[in-house]
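A look at the structure
The chain contents come next:
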Amino acid sequence: QVQLGESGGGLVQPGGSMRLSCSASGSIFSILAMGWYRQAPGKQRELIARITRAGDTNYELSAKGRFTISWNNAKNTVYLQMNNLKPEDTAVYYCTSDLQRRPDFGVEDYWGQGTQVTVSS
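Anyway, here's the lowdown on the structure attached to this text. (Residues numbered from 1 in each chain as written. Predicted model: local features only at pLDDT ≥ 70, side-chain atom pairs only at ≥ 80, totals over all residues. Heavy atoms only, no water.)

Attention now moves to the environment of Ala 91. By the element assignment, Ala 91 lies in strand E9 (residues 91–100). Under the relative-accessibility criterion, Ala 91 is labelled buried at 1%. Separated by 82 residues in sequence, Ala 91 and Gly 9 place their C-alpha atoms 9.9 Å apart. Setting aside residues no more than four positions away along its own chain, Ala 91 makes contact with Arg 38, Gln 39, Ala 40, Thr 115, Gln 116 and Val 117. (Helix = DSSP H or I, 4+ residues; strand = E, 2+ residues; numbered from the N terminus. Buried < 20%, exposed > 50% of the residue type's maximum accessible area, 1.4 Å probe, protein only. Contact = heavy atoms within 4.5 Å.)

The subject of this paragraph is the pairing of strand E1 (residues 2–7). Alternating positions in E1 separate cleanly, Val 2, Leu 4 and Glu 6 being buried on one face and Gln 3, Gly 5 and Ser 7 remaining unburied on the opposite face. As judged from the six bridges shared by E1 and strand E3 (residues 18–26), these two strands associate in the antiparallel manner. Residue pairing across strands places Leu 4 opposite Ala 24, the latter belonging to E3. (Pairing = 2+ DSSP bridges.)

A word on the nonpolar core. By size, the foremost hydrophobic cluster in this structure holds 29 residues, and its most contacted members are Trp 36, Leu 80, Met 82 and Tyr 93. Mapped onto this core, the elements with two or more residues apiece are E1, E3, strand E4 (30–39), strand E5 (46–52), strand E7 (67–72), strand E8 (77–82), E9 and strand E11 (115–119). With residues up to four places along the chain from it excluded, the contact list for Met 82 reads Gly 16, Ser 17, Met 18, Leu 20, Arg 66, Phe 67, Tyr 93 and Val 117. (Core = buried A, V, L, I, M, F, W, Y, C linked by side-chain atoms within 4.5 Å.)

So, about the sheet that holds E8. Strand order in the open sheet formed by four strands is E1-E3-E8-E7, with antiparallel pairing between adjacent strands. At either end of the open sheet lies a strand with only one pairing partner, and these are E1 and E7. Sheet twist, expressed as the mean angle between neighbouring strand axes with direction ignored, is 15°. (Axes fitted to C-alpha atoms, helices over the stretch in contact; angles between N-to-C directions.)

Where charged atoms from two side chains of opposite charge come close, those side chains can pair. A full pass over the atoms with the stated rule returns six salt bridges. Two residues, Asp 89 and Arg 38, come together in a salt bridge whose shortest N-O distance is 2.9 Å. Of this pair, Asp 89 sits in the loop between E8 and E9 while Arg 38 sits in strand E4, and the two are 51 residues apart along the sequence. Put simply, Asp 89 and Arg 66 hold a salt bridge, and the shortest N to O gap is 2.7 Å. Taken together, the residues span a long stretch of sequence, with Asp 89 in the loop between E8 and E9 and Arg 66 in the loop between strand E6 (57–59) and E7 at a distance of 23 residues. (Salt bridge = Lys/Arg side-chain N within 4 Å of Asp/Glu carboxyl O.)

Remark: the centre distance and the inter-plane angle together describe each pair of aromatic rings, the angle taken between the planes. One pass over the full model with this rule turns up two aromatic pairs. Considering the side-chain rings of Tyr 37 and Trp 111, the 4.9 Å spacing of their centres and the 50° angle between planes classify their relative orientation as tilted. Taken together, the positions of Tyr 37 in strand E4 and Trp 111 in strand E10 (residues 108–111) put the pair 74 residues apart, joining distant regions of the chain. A relative accessible area of 24% means that Tyr 37 is categorised as partly exposed. Residues Tyr 94 and Trp 111 carry aromatic rings whose centres are separated by 6.4 Å and whose planes lie at 70° to one another, so their mutual orientation is edge-to-face. Placement of Tyr 94 in strand E9 and of Trp 111 in strand E10 is noted, with a sequence separation of 17 residues between them. Classification of Tyr 94 by relative accessible area gives buried; the value is 15%. Among the aromatic residues, ring-to-ring pairing joins Tyr 37, Tyr 94 and Trp 111 into one connected group. We note Arg 45 situated over the ring of Tyr 94; from NZ or CZ to the ring centre the distance is 3.8 Å. (Phe/Tyr/Trp six-rings, centres within 6.5 Å; stacked < 30°, edge-to-face > 60°. Lys NZ or Arg CZ within 6 Å of the ring centre and 35° of its normal.)

Structure below.
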């Protein structure tokens, strides 16, 4: 059993900052990559940021320069530091992880339950 637990969402004013955290727990052999998606009302879920085990990162265009993804390997925890937040960043943010539960298993994709981020004055 593998679980992803997110924290750090809430209400923030435009221009403010927020940090999201997501920890993977359970029977995990290896994590290959972790990332964050978001879904705003009436819109499709979109990839915001992703980081691989090697430390390679990629960002959605609107997140570049404002958001930073990082990963604490020892804690199986990924962070998303969000600065200069805008009302259009309002969405449910989901953590994802590509991992192997056992060395003889293939790579599986796991999702967190989501955390609401609201940017409003």
